[in-house]
Structure formats: C-alpha cells, structure tokens
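Remarks on the overall topology
Residue strings, one per chain:
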Amino acid sequence: MNRIRLFSTTTSLCRAGYSTVEPVHHLVPIRKSALKPGYKELLIPKDDIRSVGYKPKNIQHDRVNDYYENQLKSDLMLRLYEHDSETVIGSKLRPWETDSPYKLYRRARKPKGFYRPQKDIKPVTFKNVPELTSISINLYSKEALEESWVNISTRLQIAQITNAKPKRIYNKSNVLPWKVRQGKPCGCKVELVEEDMTQFLSTLTELVLPRIRTFKGISKKSGDKNGNITFGLNPDDIKFFPEIENFQDLYPNLFGFHITFKTSARTDDQARLLLSSLGLPFN
Amino acid sequence: MLRIFKRSLNSGKGIWSNFSNRSETLKVQNIKPHAATYHSPLLIDDAFKSAYEILQQESEKIYQRAQTVEKDDLKDKLLSQAESKNPEVLYNIQNGNDLDITQPVYRNHLKKQWENYDLMILMQRLEQFKVIPDTLPTIQPTVDVKVKFPHITNGEFNRWIVPGEFLPSFLTKQPPTIKLQQFDNYKNESKLFSIVLINPDEPNLETNSFKTTLNFGVSNLSLSLTDDSLDVTKYLKYENGSEEFSMFKSYEPILPEVNAGDYQRACLFVFEQPEKINVDQINAEDFDIRSFVNNYNLSPVGGTMWRQKYDRSVNDVRSEYGLSKGRVFHRVRKPFPLI
Amino acid sequence: MFKQFVRFKSISNTNASTQKVVNQLSALSASRKQPKLIKLSAQDLIKHQTIQNAWKLYSDKLARENRKMLKEQYESIYNAMEELKQFPELFEAAKDDVKAPFPLEMRIPTDFPPNQPWIYNYEK
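Residues numbered from 1 in each chain as written. Chains lettered and ligands numbered in written order. Predicted model: local features only at pLDDT ≥ 70, side-chain atom pairs only at ≥ 80, totals over all residues. Heavy atoms only, no water.

**Comments concerning the overall build of chain B**
- For chain B, the count of helices and strands is 9 helices and 8 strands.
- The C-alpha atoms of chain B give a radius of gyration of 25 Å, which is well past the 20 Å a tight globule of 339 residues would have.
- Burial statistics for chain B: of 339 residues in total, 48% are counted as buried.
- Intrachain contacts of chain B at a sequence separation of at least 6 include 74% that bridge at least 24 residues.
- Of the roughly 17,800 Å² of accessible surface on chain B, 47% is carried by carbon and sulfur atoms. (Helix = DSSP H or I, 4+ residues; strand = E, 2+ residues; numbered from the N terminus. Rg over C-alpha atoms; globule rule 2.2 N^0.38 Å. Buried < 20%, exposed > 50% of the residue type's maximum accessible area, 1.4 Å probe, protein only. Contact = heavy atoms within 4.5 Å. Areas by Shrake-Rupley, 256 points an atom, 1.4 Å probe, with all protein chains shown as cover.)

**Some points on helix 5 (residues 104-128) of chain B**
All names here are of chain B.
- The terminal C-alpha atoms of helix 5 lie 34 Å apart, and with 25 residues this matches the ideal 36 Å at 1.5 Å per residue to within 8%.
- Helix geometry: helix 5 is bent most strongly at Glu 115, by close to 45°.
- Positive backbone phi, at 60°, marks Lys 130, one or two positions downstream of helix 5. (Expected span 1.5 Å × (residues − 1). Bend = angle between axes of the 7 residues up to and from the residue.)

**Some remarks on the interface of chain A and chain C**
- Opposite the 46 residues of chain A that make contact, chain C presents 39 residues.
- It is Ile49(A), His83(A) and Phe126(A) that lose the most area in chain A upon contact with chain C, and together they represent 17% of the buried surface on that side.
- Taken together, the connections running from chain A to chain C amount to 1 salt bridge.
- There are 8 residue pairs in polar contact (both at pLDDT 80 or more) connecting chain A and chain C.
- Taken together, the elements giving at least two residues each to the side of chain A that touches chain C come down to helix 3 (63-79), helix 5 (150-162), helix 6 (194-208) and helix 8 (268-277) of chain A.
- With 13 residues, the single largest contributor to the side of chain A that touches chain C is helix 3 of chain A.
- Among the residues making up the side of chain A that touches chain C, the classes are represented as 23 nonpolar, 12 polar and 11 charged. (Buried area = accessible area lost by both parts, 1.4 Å probe. Salt bridge = Lys/Arg side-chain N within 4 Å of Asp/Glu carboxyl O. Polar contact = N/O pair within 3.5 Å; in protein donor to acceptor, adjacent residues only side chain to side chain. Nonpolar A, V, L, I, M, F, W, Y, C, P; charged D, E, K, R; others polar.)

**Quick notes on the sheet that holds strand 1 (residues 132-140) of chain A**
All names here are of chain A.
- Strand order across the open sheet formed by 5 strands is 2-3-1-5-4, with antiparallel pairing between neighbours. One side of each edge strand has no neighbouring strand; the edge strands of this open sheet are strand 2 (167-170) and strand 4 (228-233). Across the sheet, the axes of successive neighbouring strands diverge by a mean angle of 25°, strand direction being ignored.
- With 6 bridges joining them, strand 1 and strand 3 (residues 185-192) adopt antiparallel strand pairing. (Pairing = 2+ DSSP bridges. Axes fitted to C-alpha atoms, helices over the stretch in contact; angles between N-to-C directions.)

**Notes on the domain arrangement of chain B**
- Segmentation of chain B into domains returns domain 1 (2-100) and domain 2 (130-320).
- Domain 1 of chain B and domain 2 of chain B are separated by 40 Å when their C-alpha centres are compared. (Domains from an automatic or database assignment.)

**So, the sheet that holds strand 6 (residues 246-249) of chain B**
All names here are of chain B.
- Read across the sheet, 5 strands follow the order 6-4-3-7-8 without closing on themselves; strand pairing throughout is antiparallel. Two strands in the sheet have a free side with no partner beyond their single neighbour: strand 6 and strand 8 (299-308). Going from strand to strand, the sheet's axes swing by 15° on average, the running direction of each strand aside.
- Of the strand pairs in this sheet, strand 3 (residues 191-204) and strand 4 (residues 209-223) are connected by 11 bridges, and their pairing is antiparallel.

Given below as structure tokens:
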C-alpha cells in the first residue's frame with residue numbers, strides 16, 4: 001500500500017491495519033493527569049492544607065524519635081563500629097560459563113544456598129546507622145472464617161490500639177480441613193510509620209510488655225535475616241493496652257496478633273541491638 | 001485582622017520591609033478582608049510573626065550570597081529563591097494579582113505554571129496533529145506564545161486561543177495579536193524575533209499532494225520582557241512608516257476550499273534571530289520552512305497552532321480580500337483504481 | 001411548639017449482641033475518621049504556609065547539624081582506632097565487639113519521671 005499522503009486518497013485508506021506506537025518528536029514529558037480538570041484537586045500535594053488528604057504532622061512531642069536522634073544514634077554507631085571492615089558481598093545470581101553455545105541465553109543460576117540474590121552488608125558508618133522504619137501488625141483470626149462479623153471486631157481492636165485504619169486481609173487458597181476458603185476475609189493488617197509507630201512502641205514497651213507475666217522477651221531466633229524482627233501477642237495480653245483495658249466490656253472477644261519491627265539494619269543482630277536500645281527485651 | 005497582617009508584614013527593619021533596593025511590586029496588593037462570620041485559628045498570628053522573622057533572616061543571607069555571584073542564571077535563581085517564601089509575594093501569586101514579569105520570583109513562578117500546563121498542551125497538540133515532523137523536525141519551546149484575534153471584542157472568541165482548536169474564518173480574517181512571554185531573559189534586554197504563519201495543507205493537484213503556503217511573515221521584531229507583544233499599535237506604526245520590524249509577507253488569512261481535506265492546520269512559529277536579517281525572494285505559494293530556517297540561521301523558540309475548515313464565512317472573507325471564488329473539489333471516479 | 005411528624009417509627013429487630021457489632025462497625029466507618037477540610041481565608045492560608053515554611057527550614061537546619069555532629073563523631077572514632085594501631089594489645093582489645101544488648105534499665109526519657117527516680121538497692 002502507498003504510505004505517502006496523497007490528496008486524492010482518503011484517510012481510511014491510510015489507516016494501518018495493525019496497532020503501532022507512534023513516534024514522539026519532542027522532549028517535553030506530558031503528564032495527562034495534570035491536563036485533566038477533574039483531577040485538579042486530587043493533584044494537590046498531601047502536605048498542603050488545601051488537599052483532601054492533608055494530615056497534620058508534628059502535632060505533639062515525639063519523645064521516642066528525639067531520644068533516638070539525640071542519644072541512641074551515636075551510641076549505636078559506636079557499638080556497631082568495626083575498624084577496617086569491608087562490605088560483605090551477598091551471594092548473587094551465577095551466570096553460566098561461556099564454553100557452550102547452549103548456555104548463551106540461559107537464565108542465570110540461583111545464588112548458592114538461597115532462592116534469590118542477597119543484598120550486600122555494608123559497614124555501619126554515620127550514613128547508615130540502623131533505625132526503625134515501620135511497625136507492621138498482622139492479625140489472622142480463625143474465628144472470622146466461621147463468623148464473618150468477627151472481622152469487624154478484629155479491625156476495631158487494631159484501629160483502637162494503633163490509631164490507624166487497618167486493611168482487611170483475605171485468604172489466598174482453599175484448604176478444606178481448616179475451613180479456609182479463597183477470598184474470605186480472615187483478619188487485618190496495618191503498617192505504622194512515624195508518629196503512630198513511636199506512640200505504639202512506647203505503649204508496648206512501657207505499659208503492655210512489663211505487665212505480661214509470662215513474657216520473657218522476644219525470641220533471639222526471630223528475624224528474617226534482613227533485619228526485621230517479629231513476635232506475637234496472645235489474646236490475653238491485649239487487655240493490657242490502655243485503650244482496651246478501660247473499656248473491657250465493649251470488647252467481649254480479643255484477638256492476638258503478630259508485630260513485625262521493620263528496621264534499616266542489614267542483619268538481625270544489628271536489628272536486635274537497635275530494638276534492645278528502644279526498650280524491648282530479648283531472651 | 002487585616003491590620004495585623006499588614007502591620008506584621010511592614011513594621012520590621014528586615015529585608016522584606018525595605019523597599020530601597022527591592023521593587024514595589026513585591027508589596028502585597030489588594031488584601032481581601034475576611035468574611036464577617038470567619039474565625040481565624042487560635043494563636044496563628046503569634047506563630048506567624050516568629051515564622052516571618054526566621055524566613056526573613058534566611059532571605060537576607062540569600063540576598064548577600066546573590067551579590068557575590070557573577071553568573072546571570074545563578075544570580076536570578078538566588079534572587080528568586082530569596083523572595084519565594086515572602087508572604088506578600090505568595091499572597092500576590094495565589095490571589096491572582098498582577099505579577100511583574102521583571103521580578104525573578106514572579107518570572108520563575110510563571111515559567112513553572114507554563115511548563116505545568118500550557119507547554120504540555122501545546123506539545124501534545126503539535127504531536128497529535130503531526131505538525132512537528134510535517135513542518136519543522138522538532139521544536140523545544142522556551143518562549144510562551146499566545147495568540148488572540150482582537151478585532152472581535154465580545155463573544156466566545158475574546159480570549160487567547162487554545163492550541164489545536166477549530167477557528168472560524170470570520171475570526172482569522174484580521175492579523176492576530178501575538179504575545180511572546182520570555183522566561184530566560186534575565187536582564188530585560190531587547191531580542192530580535194521573526195514570526196511565520198504557514199499552512200502545510202494546501203492541495204497541490206499537479207503532484208496529487210500538498211504544499212505549504214506562507215500566510216504571514218515578520219522579521220526583525222524587537223521584543224523584551226515588558227514590551228512583549230505584536231499588537232494593533234505595532235501594526236499601525238508599521239503602516240505609518242515608523243517601522244519597528246519588517247514584514248516580508250503581509251497577513252493573508254487561511255481560507256480552506258470546499259473538500260480540501262478534513263481541516264487545514266495553521267502553524268505559527270517564532271524564531272530567535274542572532275542578527276538583523278533581510279528576507280527576500282520568498283515563494284509564498286510553495287514555501288519551504290526548513291530551508292528558510294537554515295538560510296537565515298534561525299532557531300525556533302516557540303509556536304502555536306490552530307485548525308480551520310471551510311465554513312459559511314469563507315466566501316465573505318474571500319470577497320473582502322478580493323480573491324476569486326474558491327475551488328470545489330469532487331471525488332472523480334475513474335475506471336481504474338488509484339492505488 | 002413544633003412537633004415533628006413521624007410517619008414510621010423505626011423498629012429495630014436487632015438484639016443486644018448484634019447491636020454491639022453494628023456500633024463497632026459505625027465506629028470504624030470512614031466518615032468518623034475523616035475530619036472536615038479546614039477552610040482558611042486567603043490571609044490565613046498564607047500565614048499557615050509561612051509557618052510551615054519556617055518549620056521546614058528549622059527542622060532541616062536541625063537535621064543538618066545532627067548529621068554533621070554524627071560525621072565528626074565517626075571521624076574521631078576512626079582516628080582514635082588508627083592511633084591505637086601503634087599499640088597492638090590495646091588495638092586488639094578495642095576491636096573486640098561486645099555482643100551484649102543495651103541494658104533494659106535504659107529508659108526513654110519522659111517529661112514526668114517516676115517519684116522514685118533511682119532504685120539504689122536494685123537486684124536483678
């Protein structure tokens with residue numbers, strides 16, 4: 001077909017019979033959302049008071065953060081300092097040799113001992129002192145599988161304790177003996193950052209954990225080798241949270257949950273040291 | 001309330017209440033009073049006063065740093081930065097007051113505003129209607145070009161046109177007002193520009209294709225930040241003989257004929273000239289814009305476009321300009337296929 | 001007096017325990033959590049932005065100072081260890097890293113510390 005635009009040909013004849021990506025002849029990136037008048041209010045940045053998503057920050061003194069910045073950070077740097085230490089390279093994907101043409105486009109082999117490539121462990125300097133980045137709370141409730149209204153109570157309990165709105169979680173697979181059905185709500189999760197996180201941490205270390213008689217400390221075996229430490233609380237322990245304690249008749253059933261401390265530490269040892277400095281015991 | 005805002009702004013001895021070296025246009029203009037039922041947040045004035053002092057001290061430091069800087073663009077950036085947190089400037093920007101383009105802070109704000117909306121619209125339309133590869137290979141605008149047809153003073157067309165829209169022939173029969181907003185002219189110097197309006201969709205029956213016509217051409221147009229538009233007064237001066245620029249092609253509206261394509265694109269380009277040029281021997285009927293740009297060493301700095309098609313005002317405009325009746329194109333059926 | 005006309009009297013068939021769940025659901029609902037957008041006047045909006053700008057400037061400055069101090073501390077640790085290399089015994093002793101965690105008695109400072117600040121005859 002003639003691709004040159006002729007005066008006598010119609011546009012329909014010039015139309016391509018297949019989908020093509022048209023070339024671009026300029027260097028100006030075009031954000032289509034910025035051109036839509038309907039999105040105008042949604043595109044206001046969230047730290048602007050005119051935005052619908054505005055949430056005031058720094059509304060109270062964050063003593064955990066102040067303590068970390070003024071005291072713990074330099075202490076941790078000193079404790080984790082190792083002279084003349086070098087970066088420990090994590091095991092990476094292994095490329096195939098070049099001795100055979102069959103190996104040319106083969107996918108790289110898995111790293112030794114792991115399923116996916118491991119990150120490098122860099123020595124701790126003033127740039128990468130470990131810090132607590134977030135606390136993730138995960139509540140899985142078996143009761144919610146049988147009675148769906150139970151999941152309302154679980155979410156309310158987490159919302160009361162953490163001051164953040166939890167998300168529902170759903171079963172991913174079918175396991176008949178456990179009555180697990182795919183797509184059925186089975187608890188909730190929430191990720192706490194900044195002020196909510198430090199508030200939750202201080203409540204946990206000062207009001208809740210000291211009053212749990214059976215609590216001997218977080219297990220030293222806990223950890224995912226990447227500096228994230230997890231432990232769990234039983235339903236009996238939940239009543240020590242001050243938000244629950246004074247309104248126990250409003251919460252006839254309480255639910256235990258898992259708490260994961262996500263840190264920027266590269267190893268579990270470093271993460272444990274950081275958490276112990278924040279008042280969490282280990283055994 | 002109104003009094004407190006003004007008093008806290010202009011009572012101190014800081015840099016922001018000193019207008020000996022700073023322009024008066026940085027002062028706050030027309031403060032709107034609160035509604036009668038409005039209540040301010042508690043203690044906002046006390047916090048505002050101390051915040052104002054902190055920012056003012058920072059601004060003073062930036063002004064001092066700007067004095068030591070030699071480079072124009074860096075100095076402009078620092079001067080803009082020094083005023084960007086000034087509440088008076090913020091008030092003027094956010095409440096639609098007239099902004100003085102010679103002030104770096106306002107100029108940078110207008111540039112950002114242009115880049116975040118008008119420039120994106122322009123480039124989208126130039127690409128969408130295939131103006132860029134059909135006329136010039138590409139374009140990197142640095143100047144905001146706005147077009148308006150001032151002879152119609154009421155109705156829906158009394159505004160700057162949006163790139164790519166359809167315009168009727170009765171609107172485009174008179175030469176337009178063209179406004180060139182420069183942003184990187186730091187010292188408010190006069191620069192030389194040339195402007196062309198072309199139509200790349202004129203049918204060419206000999207080659208069974210299209211040719212480009214030149215409909216308007218102006219060169220040696222001297223513009224600065226404040227004197228920024230080619231408008232009626234300049235056209236009148238040109239006619240009087242007190243020339244400010246040279247017009248190598250007087251304005252001739254684009255008048256599409258019946259069935260001459262779906263629409264015809266009016267492409268207006270602005271070029272910056274390194275020196276004065278003398279344009280002669282222009283073939284307006286079959287104009288080659290790429291060789292024109294090469295011959296006179298022009299650099300494209302901006303543009304805009306609109307579309308036109310045959311409408312009921314075309315014949316009137318043709319007779320006004322003393323042109324013959326336009327052709328009417330029909331589909332000619334032939335015994336053999338065209339392709 | 002104006003008396004409101006009631007066409008239907010709402011009858012709830014819910015028992016007490018169901019009502020409790022309904023109340024829990026309403027406490028979770030988004031409309032309760034989402035505060036109303038504050039409508040500031042043009043002047044107050046500028047004042048608010050000015051306060052925010054000043055706070056940002058202040059906290060940036062604070063963070064910069066903290067970072068600088070931490071860097072200086074790091075450099076002095078490094079220099080001290082380099083100097084210790086002249087005394088191999090001391091250097092080896094300084095290199096030994098202590099595995100013990102921070103003591104549990106370390107507390108996050110409070111504005112209102114307990115009445116008895118220190119337990120002198122503390123036994124673990």
